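Structural characterization, general
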Amino acid sequence: MCGIVGYVGQADSVPIILEGLKRLEYRGYDSAGVAVHNEGGLSVRKSVGRLTALEEELSERPLRGQPGIGHTRWATHGEPSGVNSHPHTDTSGGIAVVHNGIIENYQELSDALEADGHIFHSETDTEVIPHLIEHELKNGDGAFLDALLTALKKATGAYALGILSSDEPDKLYAARLGSPLIVGLGEEGYFIASDVPAIINRARRVIYLEDGEIAVLSSNGVEVFKLDGTPVTPEIKDVDLKPESAERAGFETFMLKEIHEQPRVLRALLEKNLDDSGHIAMPEISLDPNQIKKLRRVMIVSCGTAYHAAMYGRLLLENMTGLAVETDLGSEFRYRYPKIDRDTLFIAVSQSGETADTLASMRLARKKGCRILSICNVPGSTLVRESDSVIFTDCGPEIGVASTKAYTAQLLAFALLSIYLGRVRGELSEINEAEFIRALRRIPDAIHYVLERSDLVQKIADKHHDGPSALYIGRRYNYPTALEGALKNKEISYQHAEGYAAGEMKHGPIALINEYLPVVCICTKTEDEVYEKMMSNIREVEARHGRIIAVATDGDKTADKIAEDIIYVPDTREDLSPIVNVVALQLLAYYAAQSRGTDIDKPRNLAKSVTVE
Ligand code: G6P
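Keep in mind the model is a prediction, meaning the values are calculated, not measured. (Residues numbered from 1 in each chain as written. Predicted model: local features only at pLDDT ≥ 70, side-chain atom pairs only at ≥ 80, totals over all residues. Heavy atoms only, no water.)

Attention shifts here to the domain arrangement of the protein. Under the domain assignment, the protein is made up of domain 1 (3-245), domain 2 (251-441) and domain 3 (451-599). Put simply, the middle of domain 2 and the middle of domain 3, counted by C-alpha atoms, are 26 Å apart. The interface is formed by 29 residues belonging to domain 2 together with 24 residues belonging to domain 3. Contact between domain 2 and domain 3 buries roughly 2300 Å² in total, counting both sides, with carbon and sulfur atoms accounting for 70%. The three residues of domain 2 that bury the most area against domain 3 are His308, Tyr312 and Leu315, which together make up 22% of that side's buried surface. Summed over the shared surface of domain 2 and domain 3, the number is one salt bridge. Scanning the region where domain 2 abuts domain 3 turns up nine residue pairs in polar contact (both at pLDDT 80 or more). When residues of the side of domain 2 that touches domain 3 are traced back to their parent elements, those giving at least two are helix 6 (254-260), helix 7 (262-272), helix 9 (305-321), helix 13 (405-424) and helix 14 (430-452). At seven residues, the largest contribution of residues to the side of domain 2 that touches domain 3 is made by helix 9. Of the residues contributing to the side of domain 2 that touches domain 3, the split by class is 17 nonpolar, 10 polar and two charged. (Domains from an automatic or database assignment. Contact = heavy atoms within 4.5 Å. Buried area = accessible area lost by both parts, 1.4 Å probe. Salt bridge = Lys/Arg side-chain N within 4 Å of Asp/Glu carboxyl O. Polar contact = N/O pair within 3.5 Å; in protein donor to acceptor, adjacent residues only side chain to side chain. Helix = DSSP H or I, 4+ residues; strand = E, 2+ residues; numbered from the N terminus. Nonpolar A, V, L, I, M, F, W, Y, C, P; charged D, E, K, R; others polar.)

Structure, rendered in structure tokens:
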């Protein structure tokens, strides 16, 4: 939510900031703005809407200077409007701030500052920060760093901040508490950004700021301090992402590129986690085998798409490890009174590793004594840094707001983890392991097969895209697939879509079925034990004249007879079929969105990284 970027160096900062903001736009696109130092002091430009509006504004009223800061906004406090756009300034206009996060006590602070004569213009929580610094500058020793440290000690909540002061025209200040922020060290200067891809082609070495740290960047280098003013020697890490991983590579959208990357991503993830003889290895897992044997429970917590991965993981882990497994949403779990302890393995699943509710849940589990294992895509993220052990999904940057490759990689990570834990706990035989791995190795090709049928899926999507609503149904392993298919559809096409456990349909959604309602039925694997049940549910839809779109195993004649449209997928064992089936649903949602003319990579109101509660 909200992306921030900043630059200090010899070059003009505006093009560098715009380039960074373009790569951060997935974090929010309600408005964008930039502030730079130049001869006239601090200059600010902002525009409501997409970054292109700011670019137009800057071409009409050009701006040059450095250092500079920029922001792309996902509105929390205050509607998307010019006045609520960042950067925000103090009363004198001498301090400019960009912010990602929420200042929870902003009302109380701004009431006090207003009583002291400060004039506020926006409805945002952010505006209090420049005023607070201004106040501390007046009332302290006049040193900017001291004023900033005092101001931040008074602010509660979460922030990643980029700050400029007209009194210090050679410096860029940054601060982090609870929202991600990195400092980049490049040849043409120093950078701050909400994530690495924003500056990937300009800085190959980064500092991941820790919570409660402040960085002071100037042309001469970077200094880091704690909130109490103690200097810190930061760890500098090399970035091993390739700059082109943040480009569209000829695809019309990032989402389509990411859908097509899945066979390669999954193949690499699989091979990384097997040893030379093809057995499960999981080199990244650093949990003690004795602890694994003593485990009694697993609690998996995540949000959004990652929650659907957790639901799938629960079924597999339950089946292969003999453990009791539970799942919850981050936003629910953090307010529960969970019965978890040191014999519970807590698994957090998150593409970004920055989702506020997932992080808060993980910290609650930590307090209860659980071991923390995370499944995450972003090295250096908060989740990764706070976990005991991590399975990296290694997808490269996922930029399309709707998650695709990160989801299938999370499913694969659960499949691998289930084999690993099953083996360590003695619940899974070597023969079953080998069989499972053989089936896993076929998954990338099976996905490729589905991708090759994109034209057919597009025709089906075109035919059904214009209704007000769609229903997605599946059972057991493919119940999460139904939820994920519906989520993809509503996220990017804005068609209302509901995912349901097929057996539950008669308890409500069956009332919706008529000749206009598309019902996407995931009914793969003809010999599986829920297949017949699924077929009965599909007949219930047929009897009420619903428009059946089936995702079925290649050659399934029964499904073909009932369905109005059918997407065939290769024969895959049931417990792995969600990894393949969901790709058909990603494409279905994609082409429905294309027919409906939405902005697929940046669907309205959504942001990719949800760093607020
Ligand atoms: C947002 C994104 C989703 C994502 C969810 C959880 O809603 O739009 O794609 O699944 O956050 O994010 P995480 O980074 O924790 O997986």
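So that's the structure; there's more coming.
Near the ligand you find 13 residues, and of these Thr305, Ser350, Gln351, Ser352 and Thr355 are the closest. Within the backbone of Thr305, a nitrogen or oxygen atom sits 3.0 Å from an oxygen atom of the ligand. Between the ligand and Ser350 there is a distance of 2.6 Å, counted from an oxygen atom to a side-chain nitrogen or oxygen. Contact with the protein chains covers 91% of the free accessible surface of the ligand, which is 380 Å². In this structure the site holding the ligand corresponds to the second largest pocket. (Near = heavy atom within 4 Å. Areas by Shrake-Rupley, 256 points an atom, 1.4 Å probe, with all protein chains shown as cover. 1 Å grid on protein atoms, 1.4 Å probe; cavity = no way out; pocket = protein on both sides within 12 Å on 5 of 7 lines; lining within 4 Å. Sits in = over half its atoms within 2 Å of the grid points.)

The antiparallel open sheet is built from seven strands, whose spatial order is 5-6-7-8-12-13-14. At either margin of the open sheet sits one strand with a lone partner, and together these are strand 5 (88-89) and strand 14 (231-232). With two bridges joining them, strand 13 (residues 221-226) and strand 14 adopt antiparallel strand pairing. In the sheet register, Val224 faces strand 14, and the bridge partner there is Val232. (Pairing = 2+ DSSP bridges.)

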